[in-house]
Every structure is written in C-alpha cells, then in structure tokens.
Amino acid sequence: MVILCAMTSEEKTYEEDLAEETQAEILDLLKAKNYIAARKKLHLLDDIETAELITETENRLGIEIAIVLLRMLKKDQAAEVFSRLSPEDQTGIITRITDYEIKTIIDEMDFDDMIDVLEELPANIVDKILEKSTPAERKLVNTFLNYPEDSAGSLMTPSYVTLQQEWTVGRALKHIKAVGMRSETVYTCYVKDRGRRLLGVVSLRDLVTRDADELISEIMIEDVVFVNVLDDREEVSEVFKRYEFFAIPVVDNEKRLVGIITFDDILKAIEEETTEDIERMAGVIGTDDKGYFETSILRQVRNRLPWLIILMASAMLTGLVIAYYEMQLAAIPSLIIYLPLLMGTGGNAGSQSATLIIRGLALGEVAPKNALKVLFRELRISLLTALALSAINMTKILLLDGQPIEIALTVCSAQIIIVVIAKSLGGMLPLLAKRVGIDPALMAGPFIASLVDTFTCFVYLSLSIVILSLF
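The rules behind these values
Residues numbered from 1 in each chain as written. Predicted model: local features only at pLDDT ≥ 70, side-chain atom pairs only at ≥ 80, totals over all residues. Heavy atoms only, no water. Helix = DSSP H or I, 4+ residues; strand = E, 2+ residues; numbered from the N terminus. Contact = heavy atoms within 4.5 Å. Areas by Shrake-Rupley, 256 points an atom, 1.4 Å probe, with all protein chains shown as cover. Buried < 20%, exposed > 50% of the residue type's maximum accessible area, 1.4 Å probe, protein only. Patch = residues over 30% accessible without salt bridge, like charges linked within 9 Å, V, L, I, M, F, W, Y side chains within 5 Å. Salt bridge = Lys/Arg side-chain N within 4 Å of Asp/Glu carboxyl O. Core = buried A, V, L, I, M, F, W, Y, C linked by side-chain atoms within 4.5 Å. Pairing = 2+ DSSP bridges. Axes fitted to C-alpha atoms, helices over the stretch in contact; angles between N-to-C directions. Parallel < 35°, antiparallel > 145°, perpendicular 65-115°, else oblique. Left-handed = near helix turned anticlockwise from the far one by under 90°. Nonpolar A, V, L, I, M, F, W, Y, C, P; charged D, E, K, R; others polar. Right-handed = clockwise from strand over helix to strand, strands pointing away. pLDDT = per-residue confidence, 0-100. Phe/Tyr/Trp six-rings, centres within 6.5 Å; stacked < 30°, edge-to-face > 60°.

A. Here's a closer look at the overall build of the protein chain. Secondary structure summary: the protein chain contains 23 helices and six strands in total. Taking the contacts inside the protein chain whose residues are at least 6 apart along the sequence as the reference set, 68% of them involve residues at least 24 apart. For the protein chain, the exposed surface amounts to about 26,100 Å²; the carbon and sulfur share of it is 59%.

Below you can see the structure in the form of structure tokens.
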C-alpha cells in the first residue's frame, strides 16, 4: 500500500531553499562558462524551477546564455519548460534559435500547451512556426486559434483516446496501449461513431475490470456530460465544479467530438478569471498576464488612470451636491462632522453586499432571475444592520459628542436610509450587470463606494432640512 501525505510547511520551505540554492549555483557556473558542470546540476530542478532559472538567466546574463541553458535539456523537457516561460521570453528565444529547434520544441509539446503558446506569440512568429508544420497540423492549429479567446474551444486539446462501440474490451485496451502515450489522459475514453458523434464514455477502471470479450456498447455510459466549443470558460468551470470530473468532452453544434478539456487547463482559466475579477473590483482595467514587477510603470499608470478619472468625475458630482446645500452646512457646521462617517458606512455596506453577490454569481449560487429574492433578503439584512449601527451612533452623538437631539436624529435617521440604499444597490447592481452582459466585478469596490457617496450627501443633507425645521 502506498501512503500519500501532504508536505509540511517546513519540508516545503526546505525544498524551496534547496531549489534556490541550486539555481544560484547553476547561475554562477553559467557566468563562469562552466557549462558541463551546470548541465550536471540541472537534473536537481523540476520543470517549473528550470523555467524560473531560464528567466533569471536571461535577466542577469542575457538571452543567449538562457538559450544555451535551454539547449542543455532533453527534447521533451525543453518543450515542457518552454511552455512555462512568459510570452516575452518565448518570443525572444524563438527569434534566435534555429528552425529545426523550433520544430523540435513544438513537436514535443502537448497540443493544448502549443495552442496556449501560439495564442500569445506575435503573428509573424506564429507564421514562422506553422511553416515547419505539416498541412494537417496547420489546419488543426488554425481551427483552434479561431475559437473565441474565452471559449471552451480555446482551452481544449485533441489528444484523447476514442473507441468504437462495436469494439471488444480486449481490443480497446490494445488501442489504449498504442495511443495512450500521445494522449492527454487515458483514465476516461470517449466512444464515437463513424461520423465523430459522441455516443458515450468508458472509464479505464471499467475496461480493466471487465471480460475481454465484452462490447464497449454494453459497458459505456451514454448519459454524457459535455460542453460546446463556444461555451464561455466560466460556464465550463461551473461544470467541472458541479461534477468534479478530471476531463470533459467538447462537442460542436452537431454533437461531434472535437476535443477535451482537462482539469489543469480549467484551473489556469479559473485563475485568470479570478485575477481579472479582482483587478476590476479594484478599479484596474486593461491588465495583461505579466506580474506586478514585470509590468512597466507606464503600463501600470495606463491600467489604473482611466478608472480613476471616472471615479474622480463621480466625486465631482458629490461635490456638486454638497455645494447645493452649502447654506445649510454654513448654518449648522456640526453637520459636516458626521458626513465622512455616513459616507464611509454607506460605501462599506454597499461593497459588502456587492462582494457577496459577485461571489454568489461566480459560484452559481445566485442568478439574475433571483433579483427580487435577493432584494428582499438585502432589505431585511440592511434594516437590521442599520438599526444596530444607528443605536450605537445615537449613544455616541448624545453622550460622548454632546450634540443636541435634533443632530442625533438627523444623523441616525440618515444612516438607516443610507445603509438600506447602499446594501440594496450593492445587491442589485451586479445582478443587473450580469443580466445585460457586463462583468459584475465592475459593480464592486470603487464604483459602489462612489455611487453611494453621492446618495449619502443627498439623503443626509435633504433630511437635515426636514428634521431640523421641526425643532
């Protein structure tokens, strides 16, 4: 029996320190042009660590030495390491290595990794690579590259095992042995007819536990879960989460099997979607796949400035509201003291609701059709929350601040209305955005806070006129 256990944090730290030490030693050997010794140490690093080393080598010693390092690897490892490099590093290497080396790397790569690489490279480099491919390969690559960027078609791979329903289990196992090494996975095999229509699936477990003379049609599962080539990758991730599959077949509109999506590919897509949502919620637009330190200062400014300009414009609207009530504020200066408190409370309340609804949309727990249900729920939550906050605020204003009752009533009444409005907006705007096809993540963070600020000023100052006129 093999017992698998999780690596402790101490073991992980030790492994990371050892890898960093090895990377540093190899860098020193490369700097000294002791390539033989450097190659002997390369086997101590895995593919990810080797890719990191190549990037570090390029940064410190130049692209030519990085290429020397890549050439020290075996063909299959070189392809795997190359697929893990950034698009910029890949482009730099491809423009400098020979055509034979380009073809060798591409030939050794898994098809889905090759598609990922080609999607990131400039068109002239892609053309150069495709020139070295066979007509059949070029046709297949071009088919995949033409799928929408965020679709299931752009994530899938054609490397999978297919069986025929009239085959016996014995013949199927022989077929798997013949093609398994070239397939992305052998744990699930896909049954299709002569017209490539998906008929069913068979697990490797079923194949190895059945009699050799049983027919595939007798043991296959016909109720197959699949996705369409044009389905959005968020929808695909929902299917993976719902059924916990290792791989899912991808079909076209005629239910012809064209590829599969594996768990590792959808994990990358989920990571990209999550990163994109976080950036949008923070008011950062137009980002790319580079890391924080790899993105230039000017690029960072260009990503952040447009949204900040929009938010500044909304702040100007808030300023206009305050200016409209300037006489009221001048007459009772104490009103100004509580304006930041109300604006902050409203913005936080709205952001809370928006964040939870956006998370619910991402997990499939909430949908636009639940809008009325969400609104009713947020109204109850906001009312109870607002009453509790106002009770605390009333006590502070009267006992600690020593303000008159009319000021306390104005502030606390406004707070109740503001929190209810903010939480309702935070709950409904993401659903509205989803309904009209806008990313719900745009309805969070800075956007909600700025919108609520304007409502806060209007409600608070309008209410002050009404309440204070009664005293």
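Once you've had a look at it, read on.
B. Structural view of unusual backbone geometry. At Glu244, a residue that is not glycine, the phi angle is positive and equals roughly 55°. One can find Glu244 in the loop between helix 15 (233-243) and strand 5 (247-251). Classification of Glu244 as exposed rests on a relative accessible area of 69%.

C. A nonpolar patch on the surface, seen in detail. Together, Leu398, Leu399, Leu400, Ile405, Leu409, Leu470 and Phe471 make up an exposed nonpolar region whose accessible area comes to about 740 Å². Elements that contribute at least two residues to the nonpolar patch include exactly helix 21 (371-400) and helix 22 (405-436). With three residues, helix 21 is the single largest residue contributor to the nonpolar patch. Turning to its location among the elements, Leu400 is positioned in helix 21. Of the residues examined, Leu400 reaches a relative accessible area of 70% and is grouped as exposed.

D. Seen up close, the side chain of Ser237. Looking at the element boundaries, Ser237 is found in helix 15. With residues near it in sequence (within four places) discarded, Ser237 still touches Ile266 and Ile270.

E. A look at the nonpolar core. Counting residues in each nonpolar core, the largest one holds 56 residues, and the members touching the most others are Leu70, Phe82, Ile93 and Ile261. In terms of residue count, helix 4 (residues 63-71) provides more of this core than any other element does, six residues in total.

F. Layout of the sheet that holds strand 5. Here three strands make up an open sheet; going across it, the order is 4-5-6 and the pairing mixed. The open sheet has two edge strands with one neighbour each: strand 4 (227-228) and strand 6 (257-262). In this sheet, strand 6 lies alongside strand 5 in antiparallel orientation, the contact comprising five bridges. Counterpart to Val251 in the pairing with strand 6 is Leu257.

G. A look at the packing of helix 20 (residues 339-363) against helix 22. Taken N-terminus to C-terminus, the directions of helix 20 and helix 22 make an angle of 30°; their axes are 8 Å apart at the nearest point. Put simply, helix 20 runs roughly parallel to helix 22. In this structure, helix 20 meets helix 22 at a crossing whose hand is right-handed. Residue-level inspection shows Leu341, Leu342, Thr345, Gly346, Ala349, Gly350, Gln352, Ser353, Ala354, Ile357, Ile358 and Leu361 of helix 20 in contact with helix 22, the latter providing Val411, Ala414, Gln415, Ile418, Val419, Ala422, Lys423, Gly426, Gly427, Pro430, Leu431 and Lys434. Here the contact of helix 20 with helix 22 is composed, by residue class, of 14 nonpolar, eight polar and two charged.

H. A look at the sheet that holds strand 3 (residues 198-203). Across the sheet, which stays open at both edges, the three strands sit in the order 1-2-3 with mixed pairing between neighbours. Whereas interior strands pair on both sides, the edge strands pair on one side only; in this sheet they are strand 1 (162-163) and strand 3. In terms of strand pairing, strand 1 meets strand 2 (residues 188-192) through two bridges, oriented parallel. Across the sheet, the residue bridging to Thr162 is Tyr190, located in strand 2.

I. Just the pairing of strand 2, in detail. Of all five residues making up strand 2, four are buried, and the element is well covered by its neighbours. For the crossover from strand 1 across helix 12 (residues 169-179) to strand 2, the handedness is right-handed. Direction of pairing for strand 2 relative to strand 3: antiparallel, over a ladder of five bridges. Note that in strand 3 the partner of Lys192 across the bridge is Leu198.

J. Examining the pattern of salt bridges more closely. If you walk through the whole model with that rule in mind, you get eleven salt bridges. In this structure, Lys41 engages Glu25 in a salt bridge whose closest nitrogen and oxygen atoms are separated by 3.0 Å. With Lys41 in helix 2 (residues 35-41) and Glu25 in helix 1 (residues 9-31), this residue pair connects regions lying 16 residues apart in the sequence. What you see here is one network of salt bridges that share partners, running through Asp252, Glu254 and Arg256.

K. A look at the confidence of the model for the protein chain. Put simply, the protein chain has an average pLDDT of 81, and 84% of its residues get 70 or more. By mean pLDDT, helix 9 (residues 123-131) is the weakest element of the protein chain at 67, and helix 14 (residues 216-219) is the strongest at 94.

L. A look at the packing of aromatic side chains. In total, this model carries four aromatic pairs according to the counting rule given. Their ring planes at 90° and their centres at 6.4 Å tell us that Tyr187 and Phe246 sit as a pair that is edge-to-face. Linking Tyr187 in the loop between helix 12 and strand 2 with Phe246 in the loop between helix 15 and strand 5, this pair joins segments that are 59 residues apart in sequence. Ring plane angle 10° and centroid distance 5.4 Å describe the contact between Tyr243 and Phe245, whose orientation is recorded as stacked. A residue is classified by how much of its surface remains accessible, and Tyr243, at 40% relative accessible area, is partly exposed. Overall, the relative accessible area of 29% leaves Phe245 in the partly exposed class.

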